[in-house]
Structures are given as C-alpha cells and as structure tokens.
Amino acid sequence: MFLNIGVTGHRDLLTQEMPALEARVRSFFEAMAQRYPALELQLLTPLAEGSDQLAARVALDMDIPVVAVLPMARQEYEQDFTGQQQLLEFRRLLDAAQQVIVLPGPARTAAASAAGQLAALSRDWQYAQAGVFISNHCQILLALWDGKAVDAVGGTAQVVHYHLTAVMEGFAQLQSSAHLLADNENDLAYHIVCSRDRPDGAPQDPLQPLQPYWITSQQGRIAADEMPAEYALML
C-alpha cells in the first residue's frame with residue numbers, strides 16, 4: 001500500500017534557500033517513512049520548475065517512486081519552462097518517473113462556455129485541474145508556499161485552499177479525471193515556508209522561511225511536530 005504525497009509550490013524559489021528546502025523535504029519524507037513503516041511513500045508531482053522538481057529530486061534520491069501528473073500534453077507543457085536547464089531537468093525527472101499521467105482537457109461550466117471565455121482560461125484550467133487531481137489523489141499535500149492567499153488560478157495558494165476545503169473559487173464544476181490511484185478525502189497539508197525570487201517575495205508575515213507546519217481545515221496551522229492524532233489514525 002502507498003502513502004501518496006502530492007506536491008504544490010512556487011516556481012520562483014530563491015536559489016540560496018533551495019539547499020535548506022531540500023533538507024526540509026528530505027526530513028519530512030524520512031519522518032513519514034518512520035511513522036508509517038507499512039506504507040510505501042509515493043510522490044505525485046507535475047514536475048514544473050521550482051518546488052515540483054525539487055521535491056521530485058529528493059524523492060528519487062531516496063528511492064521514493066514518482067508519479068508525474070502533467071496538466072497537458074508533454075510537447076505543449078514544455079513551452080512553459082523558462083530556461084533550457086529547467087527543461088532538461090523536467091525531461092530527466094520525467095524519464096525517471098515510475099508512472100506518467102497526462103490529464104485531458106478539463107470539463108468547464110456552461111457559464112464559462114457561454115461567455116466565450118474558454119480560450120483565455122484554457123491553460124489556467126489545465127493547471128487548476130492538475131492541482132485538483134493531485135489533491136484528490138494524495139493523503140498529504142506537501143506545500144512549498146510563501147503563505148500568501150493569492151487568487152492566481154491553479155496557483156499554490158488555490159491548490160492548498162482546495163485541499164483544505166474542496167473548493168476552488170470559480171471552478172465549482174472542475175472535475176478531476178478517473179481515480180487512478182486512490183479515493184481520498186483527507187484535508188491534511190504539510191507547509192514548508194519559502195520565499196520567492198521577486199521584489200515582494202518575502203513570506204506572509206509573521207511566517208519565516210523554512211518553518212514547517214501542519215495545516216488542517218479544522219485546526220489551521222499547527223507545529224510540525226504535532227501531527228493531529230485523528231489524521232495519524234486515518235492514514
């Protein structure tokens with residue numbers, strides 16, 4: 001049996017924080033393996049540059065199988081990588097994945113169709129669908145996140161919000177594709193605070209870079225060493 005861990009996170013991580021973030025992710029995987037020795041860890045990731053690739057590198061280095069969840073066809077997805085190094089890393093990690101799932105175009109609301117918004121929303125919908133799919137198929141969502149509640153469609157904040165509440169604003173009719181891995185309703189997230197490589201990239205005050213927390217819909221953010229007992233029993 002698998003303990004499925006999904007990942008969401010920012011693409012524009014600070015280079016100077018990345019070694020410490022990798023260490024935090026490794027410690028998290030080690031803690032989960034120790035807590036649940038009867039379960040094999042498995043990572044679900046879209047392999048986007050930044051957080052997704054960082055988590056995948058750590059997982060593969062620890063012999064944790066990786067399931068790549070692509071929001072669109074590979075050739076189209078590759079257009080969204082900002083540099084050759086990031087693209088080559090994507091291809092390397094994809095080749096190392098145990099399984100590759102390419103999501104189809106998502107269902108859209110009739111209202112969006114009538115308003116002629118499909119072309120403009122198409123790519124955002126695809127990323128949103130990937131976030132929904134990963135959330136729906138993991139027991140724990142690993143979030144490398146600055147903690148800011150930004151409304152970017154399919155972005156890290158929205159994926160975390162969806163995992164905790166089962167609501168993604170503006171996408172009530174968005175449906176993930178068939179349940180290929182598991183049918184899961186957990187709302188447990190593990191948040192590793194990170195900065196972003198942009199002028200306003202500091203984490204949400206009072207969060208500090210590299211701080212780890214558990215987040216649940218009922219209890220909010222709690223200390224990383226205090227995993228809620230009810231969730232420990234559910235996994």
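Refer to the structure above for everything that follows.
Keep in mind that this is a model prediction, so the values were computed, not measured. (Residues numbered from 1 in each chain as written. Predicted model: local features only at pLDDT ≥ 70, side-chain atom pairs only at ≥ 80, totals over all residues. Heavy atoms only, no water.)

Colleague: Sorry if this is basic, but what is going on with the overall build of the protein here?
Modeller: Each helix and strand counted, the protein has eight helices and eight strands in total. Taking all 235 residues of the protein together, 53% fall into the buried category. Within the protein, contacts between residues at least 6 apart in sequence are counted, and of these 73% link residues at least 24 apart. For the protein, the exposed area adds up to about 10800 Å²; of that, 50% sits on carbon and sulfur atoms. (Helix = DSSP H or I, 4+ residues; strand = E, 2+ residues; numbered from the N terminus. Buried < 20%, exposed > 50% of the residue type's maximum accessible area, 1.4 Å probe, protein only. Contact = heavy atoms within 4.5 Å. Areas by Shrake-Rupley, 256 points an atom, 1.4 Å probe, with all protein chains shown as cover.)

Colleague: I'm lost on the sheet that holds strand E4 (residues 99-102) in this one. Help?
Modeller: Sheet strands associate in pairs through backbone hydrogen bonding, adopting either a parallel or an antiparallel arrangement. Spatial strand order, E4-E3-E2-E1-E5-E6-E7-E8: eight strands in an open sheet with mixed pairing. Across the chains shown, the open sheet's two edge strands, defined by having one partner strand only, are E4 and strand E8 (220-223). Between one strand axis and the next, the sheet turns through 25° on average, direction left out of account. By the bridge criterion, five bridges tie strand E1 (residues 2-9) to strand E5 (residues 140-145) in an arrangement that is parallel. Looking across to E5, one finds that Gly 6 is bridged to Leu 141. Together, E1, E5, strand E6 (188-193) and strand E7 (212-216) form the strand contacts of helix H7 (residues 156-165), whose direction differs from that of E5 by roughly 155°. (Pairing = 2+ DSSP bridges. Axes fitted to C-alpha atoms, helices over the stretch in contact; angles between N-to-C directions.)

Colleague: Sorry if this is basic, but what is going on with the packing of aromatic side chains here?
Modeller: Given two aromatic rings, one states the distance between the centres and the angle between the planes to describe the pair. Enumeration according to the criterion identifies eight aromatic pairs in this entry. On the basis of an interplanar angle of 85° and a centroid distance of 5.4 Å, the ring pair of Tyr 77 and Phe 90 is categorised as edge-to-face. Pair noted here: Tyr 77 is in helix H3 (residues 74-77) and Phe 90 is in helix H4 (residues 84-96), with a separation of 13 residues, a long-range link. Each ring, one from Tyr 190 and one from Trp 214, has its centre 4.8 Å from the other, and the planes form 75°; the classification is edge-to-face. Taken together, the residues Tyr 190 in strand E6 and Trp 214 in strand E7 connect sequence positions 24 residues apart. For Tyr 190, a relative accessible area of 9% corresponds to the buried category. (Phe/Tyr/Trp six-rings, centres within 6.5 Å; stacked < 30°, edge-to-face > 60°.)

Colleague: Before we go on, may I ask you to explain the packing of helix H1 (residues 18-35) against helix H2 (residues 51-61) in this structure?
Modeller: The description of two helices packed together rests on the angle between their axes and the distance between the axes. Contact pair H1 / H2: the axes reach a minimum separation of 10 Å and the direction vectors enclose 50°. Here H2 runs oblique to H1, going by the angle between their axes. Between H1 and H2 lies a crossing whose hand is right-handed. Facing H1, whose interface residues are Met 18, Leu 21, Glu 22, Val 25, Arg 26 and Phe 29, H2 presents Leu 54, Ala 55, Arg 57, Val 58, Ala 59 and Asp 61. Classifying every residue of the contact of H1 with H2 gives eight nonpolar, no polar and four charged. (Parallel < 35°, antiparallel > 145°, perpendicular 65-115°, else oblique. Left-handed = near helix turned anticlockwise from the far one by under 90°. Nonpolar A, V, L, I, M, F, W, Y, C, P; charged D, E, K, R; others polar.)

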